[in-house]
Amino acid sequence: MTGGTPDEGAEEFIRSPFIRKQGNIYKPNNKSMDNDSINEKTMQDVHTKEIDLVNRDPKHLNDDVVKVDFEDVIAEPAGTYSFDGVWKASFTTFTVTKYWCYRLLTALVGIPLALVWGIFFAILSFIHIWAVVPCVKSYLIEIQCVSRVFSICVHTFCDPFFEAMGKCLSSIRVAVAKEV
């Protein structure tokens, strides 16, 4: 970048295949984009984002559904206590069993179910993008034509009738008198 033409300096930038000189190919109205304005998110593909291994439910989808602790399932009312050792062993057995059964089930069934859900949501996205939205847009375009024809018919046939009825009934006067 030292002592060259401006075009030589621009060639040294590493560009994403998703960014053109004219602008973002996904937003063609962007005529020009400076290299300084390209943020890091536009340089990354959405499929290569890193996952958070600490917070695995960042949108809190399962906060109220699957939080089941020992105290939520097994509780001894006052006056009917088991031995302290039995209570501690029951707690440990419940917690460890729940933990390892979940891990075993996710190891055996998690990846196949992830495949099934991935296919399901891919099909759902495909249907929504390629069938539902175009049908709704088509319906809105067609119904707009029908609404114009309906509006013309109402103004042609109903407006004169209601104007005539309004003029006929406008001369009616109602007076309320209280008789004693």
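Cut-offs applied
- Residues numbered from 1 in each chain as written.
- Predicted model: local features only at pLDDT ≥ 70, side-chain atom pairs only at ≥ 80, totals over all residues.
- Heavy atoms only, no water.
- Helix = DSSP H or I, 4+ residues; strand = E, 2+ residues; numbered from the N terminus.
- Buried < 20%, exposed > 50% of the residue type's maximum accessible area, 1.4 Å probe, protein only.
- Contact = heavy atoms within 4.5 Å.
- Areas by Shrake-Rupley, 256 points an atom, 1.4 Å probe, with all protein chains shown as cover.
- Phe/Tyr/Trp six-rings, centres within 6.5 Å; stacked < 30°, edge-to-face > 60°.
- Lys NZ or Arg CZ within 6 Å of the ring centre and 35° of its normal.
- UniProt positions renumbered as here; feature names shortened; annotations may be inferred.
- Expected span 1.5 Å × (residues − 1).
- Bend = angle between axes of the 7 residues up to and from the residue.
- pLDDT = per-residue confidence, 0-100.

1. Quick word on the overall build of the chain
The secondary structure content of the chain amounts to four helices and zero strands. Looking at the 180 residues of the chain, the share that counts as buried comes to 4%. In the chain, 25% of the contacts between residues at least 6 apart in sequence involve partners at least 24 apart. Carbon and sulfur atoms make up 66% of the accessible area of the chain, which amounts to about 17,000 Å² in all.

2. Side note on the packing of aromatic side chains
Note on aromatic pairs: each is described by the distance of the centres and the angle between the planes. Scanning the model with the defined rule gives nine aromatic pairs in all. With 5.2 Å between their ring centres and 75 degrees between their planes, Phe120 and Phe121 make a pair best called edge-to-face. In this structure Phe121 comes out as partly exposed when scored by relative accessible area, which is 45%. One aromatic cluster is present, built from ring pairs that chain together Phe70, Trp87, Phe91 and Phe94. The positively charged end of Arg103 is found above the aromatic ring belonging to Trp100, 5.6 Å away from the centroid.

3. A few points about the UniProt feature "transmembrane region" (unreviewed entry) in the chain
The feature "transmembrane region" (unreviewed entry), as given by UniProt, occupies residues 104–131 in the numbering adopted here. A distance of 39 Å separates the end C-alpha atoms of residues 104–131, which is 100% helix and 0% strand.

4. Topic: helix H4 (residues 84–169)
For H4, spanning 86 residues, the distance from its first C-alpha to its last is only 90 Å, which falls clearly below the expected 128 Å at 1.5 Å a residue. Maximal helix bending in H4 amounts to about 50 degrees, located at Val109; proline Pro112 follows within four positions.

5. Things to note about unusual backbone geometry
Positioned with a positive phi, His60 is a non-glycine residue whose angle comes to about 55 degrees. Along the polypeptide, His60 turns up in the loop between helix H2 (40–43) and helix H3 (70–73).

6. Description of the confidence of the model for the chain
The pLDDT averaged across the chain works out to 80; a share of 73% of its residues lies at or above 70. The least confident element of the chain is helix H1 (residues 6–11), whose mean pLDDT is 47; the most confident is H4, at 94. Here residues 1–21 is a poorly scored stretch, pLDDT under 50, and it has 19 contacts once near neighbours within four places are set aside; other chains count. Under a pLDDT of 50 for its full length, residues 23–28 has, in the predicted model, ten contacts with residues more than four places off or in other chains.

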